[in-house]
Amino acid sequence: MPEPPATTHARRPRDGLTGGETLVRALAAHGVTQAFGIPGTHNLEIYRHLAAHGITHLNPRHEQGAGYAADAYARVSGRPGVAITTTGPALLNIAAAVGQAYSDSVPLLVVSPGMPLRHPRQSTGLLHEMRSQTEALRGVAAVSHRVSSAEEIGVAVARAFTLFRTRRPRPVHIEIPLDLLTAVEPAGPVRTAPPLSRATADPDALAAAAGALRSAARPGIVLGGGARGAAAECLRLAEELGAPVVTSANGKGIVAETHPLSLGVSLHSRSVRRWLTERDVVLAVGTELAESDLWEPLPALGGTLVRADIDPAQMYAGPPADIPLVGDARRTLRSLLAASAASAASAASAEETHPDVHRAVAALREERNAETRSQDAHLLPYLAAIESVLPANAVLTSDSAQCCYYGAIPHLPIAPEGRYLHPTGFGTLGYALPAAIGAKAADPARPVVALSGDGGLQFSVQELATAVQLRLPLPVVVFDNGGYGEIRDEMASRGDRPTAVDHPPVDLPALARAYGGHGVRADSPEALAGALRRALDTPGPTLITVPQELSR
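Residues numbered from 1 in each chain as written. Predicted model: local features only at pLDDT ≥ 70, side-chain atom pairs only at ≥ 80, totals over all residues. Heavy atoms only, no water.

Caption draft 1: Quick look at the sheet that holds strand β12 (residues 281-285). On the basis of which strands lie adjacent, the open sheet formed by six strands has the order β11-β10-β9-β12-β13-β14 and parallel pairing. Pairing within the sheet leaves two strands with one partner each, and these edge strands are β11 (262-265) and β14 (323-326). Within this sheet the neighbouring strands show an average axis-to-axis angle of 15 degrees, counted without direction. Sheet analysis places strand β9 (residues 219-223) next to β12, joined by five bridges and oriented parallel. By the bridge assignment, V222 is partnered in β12 with A284. In the packing of helix α10 (residues 231-241) onto the sheet, the strands contacted are β9, β10 (245-247) and β12, and the crossing angle to β9 comes to about 165 degrees. (Pairing = 2+ DSSP bridges. Helix = DSSP H or I, 4+ residues; strand = E, 2+ residues; numbered from the N terminus. Axes fitted to C-alpha atoms, helices over the stretch in contact; angles between N-to-C directions. Contact = heavy atoms within 4.5 Å.)

Caption draft 2: Expanded view of the nonpolar core. With 45 residues, the main nonpolar core has F36, I94, V98, V110, L457 and L543 as its most contacted residues. Breaking this core down by element, the ones donating at least two residues are α3 (63-77), α5 (95-103), β5 (108-114), α18 (432-442), β17 (448-453), α20 (464-470), β18 (474-480) and α22 (508-514). Filtering out sequence-adjacent residues up to four positions away, L543 remains in contact with L457, L464, V476, V478, L508, P509, A512, H518, G519 and V520. Counting residues in each nonpolar core, the second largest holds 34 residues, with Y420, F479, A522 and L532 among its members. (Core = buried A, V, L, I, M, F, W, Y, C linked by side-chain atoms within 4.5 Å. Buried < 20%, exposed > 50% of the residue type's maximum accessible area, 1.4 Å probe, protein only.)

Caption draft 3: Broad picture of the layout of surface pockets. If you add up the space inside the largest pocket, you get close to 1,200 Å³. Lining the largest pocket are 45 residues, and of these S105, P169, G225, G226 and R228 lie nearest its centre. Looking at the lining of the largest pocket, the elements with two or more residues in it are α3, α7 (150-166), α12 (291-294), β13 (304-309) and α13 (329-340). Of the residues contributing to the lining of the largest pocket, the split by class is 14 nonpolar, 17 polar and 14 charged. Counted as a void, the second largest pocket has a volume near 830 Å³. Lining the second largest pocket are 40 residues, and of these S400, A401, Q402, Y405 and E486 lie nearest its centre. Looking at the lining of the second largest pocket, the elements that each hand over two or more residues are α12, α15 (355-376), α17 (402-411), α19 (454-457), β18, α21 (485-493) and α24 (548-551). Classifying every residue of the lining of the second largest pocket gives 14 nonpolar, 18 polar and eight charged. (1 Å grid on protein atoms, 1.4 Å probe; cavity = no way out; pocket = protein on both sides within 12 Å on 5 of 7 lines; lining within 4 Å. Points joined across faces, edges and corners; volume = space filled by probe spheres on them. Nonpolar A, V, L, I, M, F, W, Y, C, P; charged D, E, K, R; others polar.)

Caption draft 4: Region of the structure containing the packing of aromatic side chains. As enumerated under the stated definition, the model contains seven aromatic pairs in all. Ring plane angle 75 degrees and centroid distance 5.7 Å describe the contact between F161 and F164, whose orientation is recorded as edge-to-face. In this pair, F161 and F164 both sit in helix α7, three residues apart, roughly one turn of the helix. Considering the side-chain rings of Y382 and F479, the 6.0 Å spacing of their centres and the 85 degrees angle between planes classify their relative orientation as edge-to-face. Taken together, the residues span a long stretch of sequence, with Y382 in helix α16 (residues 380-389) and F479 in strand β18 at a distance of 97 residues. The pair Y382 / F479 is uniform in exposure class, with both members buried. If you follow K252 out to its NZ or CZ, it ends over the ring of Y420, 5.7 Å from the centre. (Phe/Tyr/Trp six-rings, centres within 6.5 Å; stacked < 30°, edge-to-face > 60°. Lys NZ or Arg CZ within 6 Å of the ring centre and 35° of its normal.)

Caption draft 5: α21, seen in detail. Three or more residues of α21 are buried, namely G485, E486 and R488. Projected down its long axis, α21 carries its buried residues within an arc of 160 degrees, all on one side. G495 sits one or two residues past α21 and shows a positive phi near 80 degrees. (Arc of directions from axis to C-beta.)

Caption draft 6: Region of interest: the packing of α3 against α18. As a packed pair, α3 and α18 sit with axes 7 Å apart at the nearest point and diverge in direction by 45 degrees. Taken together, the axis directions place α3 and α18 in an arrangement best described as oblique. Crossing of α3 over α18 shows right-handed handedness. Two secondary-structure elements touch here, α3 through G65, Y68, A69, A72, Y73, V76 and S77 and α18 through P434, A435, G438, A439, A441 and A442. A breakdown of the residues in the contact of α3 with α18 according to their chemical character gives 10 nonpolar, three polar and no charged. (Parallel < 35°, antiparallel > 145°, perpendicular 65-115°, else oblique. Left-handed = near helix turned anticlockwise from the far one by under 90°.)

Caption draft 7: Structural view of the confidence of the model for the protein. Of the residues in the protein, 94% reach a pLDDT of 70 or more, and the chain-wide mean stands at 90. In this model, residues 342-352 is a region of pLDDT below 50 whose contacts with residues beyond four sequence positions or in other chains number 12 contacts. (pLDDT = per-residue confidence, 0-100.)

Caption draft 8: Here's a closer look at the side chain of Q402. When you line up the elements, Q402 lands in helix α17. Overall, Q402 belongs to the buried group, its relative accessible area being 12%. Separated by 3.3 Å, the side chains of Q402 and N481 make a polar contact. One polar contact links Q402 to D489, side chain to side chain, over a distance of 3.0 Å. (Polar contact = N/O pair within 3.5 Å; in protein donor to acceptor, adjacent residues only side chain to side chain.)

Caption draft 9: Layout of the sheet that holds strand β4 (residues 81-84). With respect to topology, six strands assemble into an open sheet ordered β3-β2-β4-β5-β7-β6, the strand pairing being parallel. Across the chains shown, the open sheet's two edge strands, defined by having one partner strand only, are β3 (56-58) and β6 (143-146). Each strand axis lies, on average, 25 degrees off the axis of its neighbour in the sheet, ignoring direction.

Caption draft 10: Highlighting the environment of R273. Here R273 shows up in helix α11 (residues 270-277). Its relative accessible area of 7% is what places R273 among the buried residues. Remark: the alpha-carbon pair of R273 and L464, spanning 191 residues in sequence, is separated by 40 Å. The residues touching R273, leaving out its near neighbours within four places in the chain, are L267, H268, L294, E296 and P299. A distance of 3.1 Å separates polar atoms of two side chains, one belonging to R273 and the other to E296.

Caption draft 11: A look at the pattern of salt bridges. This model, assessed by the stated rule, comprises 18 salt bridges. Across the pair R146 and E175 runs a salt bridge, and its minimum N-O distance is 2.4 Å. Taken together, the positions of R146 in strand β6 and E175 in strand β7 (residues 172-177) put the pair 29 residues apart, joining distant regions of the chain. For E257, the salt bridge goes to K252, with nearest N and O atoms at 2.8 Å. With a relative accessible area of 12%, E257 lands in the buried category. One network of salt bridges, with partners in common, ties together R168, R170, E288 and D311. (Salt bridge = Lys/Arg side-chain N within 4 Å of Asp/Glu carboxyl O.)

Shown next, in the form of structure tokens:
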């Protein structure tokens, strides 16, 4: 009987661990059970140990897709998303997703191999060699850490999880030199991030904020993604103060968008921005108040600005805080509620207490909608069809597409038990489909729908193959306007001839079927509702196209 062929990998050592297993053991010790990525020549020692340590793996078709999937996994699960790449081009492929996670404050851990410890600065032509991976990733991540010993691998992982738990969560990159991945070292203790409590705001600042809000005649509340863990506290404070609530895209649904105090996602509205300048006190929680949320620089506020944020830099970034509350949103708002000594009120009694405010909010909502009614009207029946089908706990993933930022973000209500994931700030394209895959991996039983345009979808359309692998229901609704509709409109508004924005027609439903999924065309809102209902019960992805000529 012939002998089996020789293999190049080392057997598991009896008295030590390779750097690859040291990494995987450290990830498992921090509760990691899911990873995203693509195997490559240089990272096989990591992949070799995943299953033995209870970490399942999903392999998108492109590292950018892996990054978006891990990003959405983190947003839905509440745990850091983990992505594994190989060296060089693979790491650069995921860089756009890292930049998006940085912009949206998402705890994303990217692990990659790197050149050997003693690799010379002078190029030698080693596979995937680049001048500096860490310098490249430092431009988009909060931290890029190249370890220099096997012992440091566990330290680097513990440090990353400490940053995620105690600071504004942002992406971290860990690079492990190739020779450390395969080197065998004695197995020391597993280092884990210490249990730490997030800080609450200064007591004097809390007292000042409570006094300002209690005495305000025209209070307003702005909620961003950093307020998501404090939804109950945000609602209670709004009802007790009779304060209307407006959110950023990342804060969408923290307070139910059907609540009589909710203005939804409307910071981009001229009427809502004007309303904001007329408040005598504004409480901004977990938001940058950034141009990407307002679509223009924030106008000068006429009253007192109270900012609550875990990031001290936000107290003077953009509009400076008159009263800074630096700390975790939930702990800070609980302390603020206690300091205000306001009597608790139910939603019903709040409506009796603040009927004039509710009428004013309803009028302001109508004024906001009137601003863009002619522009958005073609989308509204289709969004109503989507709303009629989706359960309250559904997750919608979004793209930088007109159907999303003009349509779903302001006009598709989301309840607190649901989620809307949108790539704000950095504004990448191709997010929706791989993000939906990551959301589905985080909670397979939860309904997830991707919403995109044809231009954005084709940045990551190959992830339909990944969705087929999941064998879980995943509707992908695509508003097809034949290219890059927003840029086309911007060119036209400048008086320019539209250039490089029109795409030849693509039969996207047929493409989905070619990948092994399902594809249909929805020629009316009723057809969209029916197709979406069926897709939510059909294993695998179903791509539903709403053609441009029908959605306008």
